[in-house]
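# Secondary and tertiary structure notes
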Amino acid sequence: MALGKNYEGQDCSLAKALEVIGERWTLLVVRDAMYGVRRFGDFLAHLDIPRAVLSQRLGALVEAGVLVRSRYQDNPPRDEYVLTPMGRELWVPLLAMSQWGERNLGGAGPRRLFHHATCGARLDPMSRCPSCGAYVGLEEIEVRPGPGLEGNRDDPVSVVLRGPRRMLTPIT
């Protein structure tokens, strides 16, 4: 029996969310947008995703309102993809899933560490700062390489992410 392509008939908010973000690659595209990736070529190089799949995922995320497409060059026409407020709301679930993966499936430790840029404390799984108690939004987060980061990739995004940087800062 073939699997269905959607969750029609499910009266469930999780099923509705999975319609938007449940496909393979989608959360990785959103994660990279949070890191500051905006351009098609950078998503393509960092994710090693097939071109057609990336195009479909970006289109679906724009259609759903998670990303917005913005023209940054007219000749030739080139667009970038920026997280909307709706897309930014995915930060806490992404952080929690990443930390779950580190605890249960990781090897040499976390690949990325997320810190409150103001005070330097490492965030908990709900994006709260244990030092000052504040909920920390994406624009106040610094991502740093963790002990599990292998650092053997040479695409522009991986190179930039080898050092500390603010989330959402465009990688160009």
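Read on for an overview of the structure. Note that the structure is a prediction, hence the values are computed from the model and not measured. (Residues numbered from 1 in each chain as written. Predicted model: local features only at pLDDT ≥ 70, side-chain atom pairs only at ≥ 80, totals over all residues. Heavy atoms only, no water.)

Quick look at a nonpolar patch on the surface now. Taken together, the side chains of Tyr7, Leu14 and Leu18 present a nonpolar region at the surface, about 280 Å² in accessible area. By the element assignment, Leu18 lies in helix α1 (residues 13-21). Given the relative accessible area of 32%, Leu18 is considered partly exposed. (Patch = residues over 30% accessible without salt bridge, like charges linked within 9 Å, V, L, I, M, F, W, Y side chains within 5 Å. Areas by Shrake-Rupley, 256 points an atom, 1.4 Å probe, with all protein chains shown as cover. Salt bridge = Lys/Arg side-chain N within 4 Å of Asp/Glu carboxyl O. Helix = DSSP H or I, 4+ residues; strand = E, 2+ residues; numbered from the N terminus. Buried < 20%, exposed > 50% of the residue type's maximum accessible area, 1.4 Å probe, protein only.)

Taken as a whole, the largest pocket encloses approximately 1,100 Å³ of empty space. As for the largest pocket, its lining consists of 36 residues, and the residues nearest its centre are Leu28, Arg31, Tyr35, Ser98 and Arg111. Listed by contribution, the elements that provide at least two residues to the lining of the largest pocket are α1, α2 (26-35), α3 (40-47), α6 (91-105) and β3 (112-116). Sort the elements by how many residues they give to the lining of the largest pocket and α6 lands first, with 9 residues. Tallied by class, residues from the lining of the largest pocket come to 19 nonpolar, 9 polar and 8 charged. (1 Å grid on protein atoms, 1.4 Å probe; cavity = no way out; pocket = protein on both sides within 12 Å on 5 of 7 lines; lining within 4 Å. Points joined across faces, edges and corners; volume = space filled by probe spheres on them. Nonpolar A, V, L, I, M, F, W, Y, C, P; charged D, E, K, R; others polar.)

This part takes up the sheet that holds strand β4 (residues 141-145). Strand order in the open sheet formed by 3 strands is β3-β4-β5, and the pairing between neighbours is antiparallel. With one partner strand each, in any of the chains shown, β3 and β5 (165-166) form the two edges of the open sheet. The pairing of β3 with β4 spans 5 bridges and is antiparallel. Opposite Phe114, over in β4, you have Val143 as the bridge partner. (Pairing = 2+ DSSP bridges.)

Turning to the nonpolar core, a few remarks are in order. Ranked by internal contacts, the top residues of the largest apolar core, which has 37 residues, are Met34, Phe43, Trp91, Phe114 and Met167. Sorting the residues of this core by element identifies α2, α3, α4 (51-64), β2 (78-83), α6 and β4 as the ones contributing at least two each. For this core, the element with the most residues is α2, which contributes 5 residues. Other than its neighbours up to four places away in sequence, Phe114 contacts Tyr35, Trp91, Leu95, Ala121, Arg122, Leu123, Ile141, Glu142, Val143 and Met167. (Core = buried A, V, L, I, M, F, W, Y, C linked by side-chain atoms within 4.5 Å. Contact = heavy atoms within 4.5 Å.)

All right, on to the packing of aromatic side chains then. A full pass over the atoms with the stated rule returns 1 aromatic pair. Summarising the aromatic geometry, the rings of Trp91 and Phe114 are spaced 5.1 Å apart at their centres and angled 75° between planes, so their arrangement reads as edge-to-face. Note that Trp91 is positioned in helix α6 and Phe114 in strand β3, a separation of 23 residues in sequence. There is no split in this pair, since Trp91 and Phe114 are both buried. For Arg39, the ring lying beneath its charged end belongs to Tyr72, and the centroid distance is 3.8 Å. (Phe/Tyr/Trp six-rings, centres within 6.5 Å; stacked < 30°, edge-to-face > 60°. Lys NZ or Arg CZ within 6 Å of the ring centre and 35° of its normal.)

Here the residue pair Asn75 and Pro76 is connected by a cis peptide bond, since its omega of -5° sits within 30 degrees of zero. Among the secondary structure elements, Pro76 is positioned in the loop between β1 (67-73) and β2. A positive phi angle, near 65°, is found at Ser127, a position not held by glycine. Looking at the secondary structure, you find Ser127 in the loop between β3 and β4. Among the residues examined, Ser127 registers a relative accessible area of 0% and is labelled buried. One non-glycine residue, Leu168, lies in the positive phi region at around 70°.

Such coordinate-based values are descriptive only and should not be taken to indicate function.
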